[in-house]
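# Survey of secondary and tertiary structure
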Amino acid sequence: MKGIPASGGIAIGKAFVYSKDPLRVSPETIAPEDVPAQQAALDAAVEKSREQLLAIKSRAGEALPEKEAAIFEAHLMFLDDPEYTGIAREKIGMELVPAAFAVKAVTDGFVEEFRAIEDEYFRERAADIADVGERIVRNIQGAAEADLSLIEAGSVVIARDLAPSDTAQLDRTKVAGFVTEVGGKTSHTAIMARSLEIPAVLGLTGATREIRAGETVIVDGDEGTVITAPDEAEIEAYAKKKKAYEAEREELRLLTGAPSVTADGHRVRLFANIGLPADAEHAEKNGAEGIGLYRTEFLFMDTDAMPDEDSQFIAYRRVLEAMRGRPVVIRTLDIGGDKELPYLKMEQEENPFLGVRALRLCLKEPALFKTQLRAILRAGAHGDARIMFPMVSGVDEVRQAKAVLMDCKRELAGEGAAFDPEIKVGIMVEIPSAALTAEAIAKEVDFFSIGTNDLCQYTLAVDRMNAGVGYLYDHFHPAVLRLIKLVIDAAREAGVHAGMCGEMAGDEKAAALLLGLGLEEFSMGAASLLRVKRAVRGTDLSKARRLADEALRLESAGAVRALLEAAGGTGSRG
Amino acid sequence: MVSEQVRIINPTGLHARPASVFVKAANGFRSDVAVISGDKRINAKSIVKVMSTALKQGTDIVIEASGEDETEAVRALVDLVKGGFGEV
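Sequence positions are assigned chain by chain, starting from 1 and proceeding in written order. Think of it this way: whatever chain is written first is A, whatever ligand is written first is 1, and the rest follow in order. Per-residue local features of the predicted model are confined to residues with pLDDT of at least 70, and side-chain atom pairs are confined, for both listing and counting, to 80 or more; whole-chain, interface and lining totals are unaffected and use all residues.

### Remarks on helix α19 (residues 452-460) of chain A
All names here are of chain A. Every buried residue belonging to α19 is among T452, D454, L455, C456 and Y458, and all of these are buried. In the core, the buried residues of α19 are packed alongside β12 (424-429), α17 (432-436), β13 (447-450), α20 (478-494) and β14 (497-500). Labels follow the DSSP assignment, with helices taken as runs of H or I lasting at least four residues and strands as runs of E lasting at least two, numbered in each case from the N terminus. Looking at the residues trailing α19, positive phi occurs at A461, about 55 degrees. Whether a residue is buried, exposed or partly exposed follows from its count of other C-beta atoms within 10 Å of its own C-beta, namely 20 or more, 12 or fewer, or something in between, respectively; the C-beta atoms are built from the backbone. Contacts are defined on C-beta atoms placed from the backbone: any two residues whose C-beta positions lie within 7 Å are in contact.

Structure (structure tokens):
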């Protein structure tokens, strides 16, 4: 079976299928003398559920911010709710139904009530009550719980999808690999798997149906293949590959402290992308020279109210302090598109990726925008913070954003607050119109960072998550390469920095080509840093320039890939 | 029986966190406590009921208690709602 390779490495392990099958509950009547036994069964199941939730909650509390802990807190309160478990208990006696049926009936009633609510946030609580109801019923029936916290060491987790609240329960030392039916390289599961260096194949349709619990599974996170019921020869071959992969990882570790220079002595900067303050340490461990992209969305998503200026300030300062004076590029809120906030009302849009996203949203919600800018400016007093605006389509938006920033500086100065008045400002170049007018925009900013994921999506008109057209998504498309070249050239002309923070920057196969195009700053997931460093150190810049010139003239992504393949020796040692 | 009207002022209304804070506080009293909103009357000690009523910012509710500590119960819960659950 073939899916999307989302996190490298090989896993050979036993499948742990995490699926929530619909429960079967029969509505037979019970004899009046069975009522006490059924009520006792309910009470015992509620107690068992409480133990499970407390265990999950304590793990979630350590690993993740308040949001999940708060959800489990609400789940715990459901257990003692007089109108919920209390009513279910009464129902057993009054209607002479078994405990599981009573719980199911009361749960279904509430789920329907929640689903009828107009407000989306409240409506989504239907999932919470359904979740608790299911847990109680499973405990009544003594059914094996689909509980991720119960996995055995060396398991390959097979799931439809994994939400942050699912992964919060995982004992990560026991997970050998991940396979999910939905999600791509930039999904939550992918990001988490890469940061933990656990192999993952995502987007594998039908995985939870076709892979049986307990059977041996091989996951190749580099190729995106999943093999079920492998024969001896396959196991042996993959065990060998796994060993080679691990040996390579050891070899790469030795590069951690080595400088990022090409074979002919040109220095480049290798930065890391992070989403949570805690990721900064992982980046450091892999030799990151700075943070080229700090996605601030998680700060806004992992909470049920807008984070205020102080809590944002604390998070940003934590990253700056972890990086000890090295640059940290903080991207302002990139919400909209596929990312929503529960507490922020957003209009339903026909085409959210072409709608009120990111900077466009911030310019419409000045209070939200200013709170974040003020927090970044203040954090700037504790390190080298830089501000980056996402989703810029032209120079006017940059000027508007800078005007808001100027207001914030004035306010802070008036309040006598400590902040960085000289903070560097840049934009993410991810819309073709911004790349094509980079020359004008360069006059307004201190740096560019090319966001290749969205740049590819908007240039090629391909939604990479759409399995039907995903094959058209390729950052080696000459159209994308030419836009990258335009941006780098415009930056050099204006004397501003040009970096790249999209996935292409972490693709070791692209390193020589990007060096040849003139890129000097690469920012990527921490797990790719050492591989890209090895590619950079093995590249001769003058040869890379010729390679880039040739690639720019080619007609298709396939032709560019073939060129890079053929140049393998001169490009990267890979 | 004691009752008092109060307006919900915190931006997100009585959703997850504020709802649990509110229900926990209600459970701290012996009296029966109810929340009345329009023609709905719900048990203030039930998190599921409080959440499924989806009480939003700007809604006027009446908090009603009857029992030995009814005065304290209404006072405490009204103050909690007035205080905006620390969100404002």
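Next comes the rest of the description.
### A short note on the packing of helix α15 (residues 366-379) of chain A against helix α16 (residues 395-415) of chain A
All names here are of chain A. Contact geometry of α15 with α16 gives a least axis separation of 9 Å together with a crossing angle of 60 degrees. Taken as axis vectors, α15 and α16 run oblique relative to one another. Crossing hand, α15 versus α16: right-handed. Residues P366, F369, K370, L373, R374, L377 and R378 of α15 form the contact with α16, whose participating residues are V404, L405, C408, K409 and L412. Any residue outside Ala, Val, Leu, Ile, Met, Phe, Trp, Tyr, Cys, Pro, Asp, Glu, Lys and Arg is labelled polar, Gly included; the first ten of those are nonpolar and the last four are charged. Classifying every residue of the contact of α15 with α16 gives eight nonpolar, no polar and four charged. Simply put, an axis is a line fit to the C-alpha atoms, just over the touching stretch for a helix, and the angle between two N-to-C directions goes from 0 to 180 degrees. Should an angle fall under 35 degrees it is taken as roughly parallel, and over 145 as roughly antiparallel, whereas 65 to 115 is taken as roughly perpendicular and any remaining angle as oblique. Should the near helix be turned counterclockwise from the far one by less than a right angle, the crossing is left-handed, whereas a clockwise turn marks it as right-handed.

### Observations regarding the pairing of strand β2 (residues 10-18) of chain A
All names here are of chain A. Extensive coverage of β2 is indicated by the burial of eight of its nine residues. At least two bridges found by DSSP between two strands are what make those strands a pair. When β2 meets strand β6 (residues 216-220), the two strands line up antiparallel, connected through five bridges. Among the inter-strand pairings, G13 is bridged to a residue of β6, identified as V217. As paired strands, β2 and strand β3 (residues 155-159) are joined by five bridges and run parallel to one another. Directly across from V17, in β3, lies its bridge partner I158.

### Observations concerning the confidence of the model for chain A
Taken as a whole, chain A shows an average pLDDT of 88; of its residues, 92% reach a score of 70 or greater. Per residue, pLDDT captures the predictor's confidence, and it can take any value from 0 to 100. Scored below 50 in pLDDT, residues 569-574 of chain A shows 18 contacts in the model against residues more than four places distant or in partner chains.

### Topic: unusual backbone geometry
Residue A358(A) is not a glycine yet carries a positive backbone phi of 45 degrees. Position of A358(A) relative to the elements: it lies in helix α14 (residues 358-364). Judged by local crowding, A358(A) falls into the buried class, with 23 C-beta atoms found within 10 Å. Positioned with a positive phi, A54(B) is a non-glycine residue whose angle comes to about 50 degrees. With 22 C-beta atoms counted inside 10 Å, the residue A54(B) sits in the buried group.

### Focus: the interface of chain A and chain B
A common way to express how large an interface is: the accessible area buried when the components associate. At the junction of the two partners, chain A supplies 21 residues and chain B supplies 18 residues. If you list the elements that add at least two residues to the side of chain A that touches chain B, you get α2 (66-79), α4 (99-115), α5 (120-123) and α6 (125-141) of chain A. Looking at which element gives the most residues to the side of chain A that touches chain B, the answer is α2(A), with five residues.

### Structural notes on the nonpolar core
Buried Ala, Val, Leu, Ile, Met, Phe, Trp, Tyr and Cys residues form a nonpolar core when they are connected through C-beta atoms within 7 Å. I291(A), Y316(A), I427(A), V429(A), F448(A) and V487(A) are the most contacted members of the largest nonpolar core, which totals 102 residues. With eight residues, the single largest contributor to this core is α20(A). Membership of the second largest hydrophobic core comes to 53 residues, among which are V137(A), V23(B), F29(B) and V81(B).

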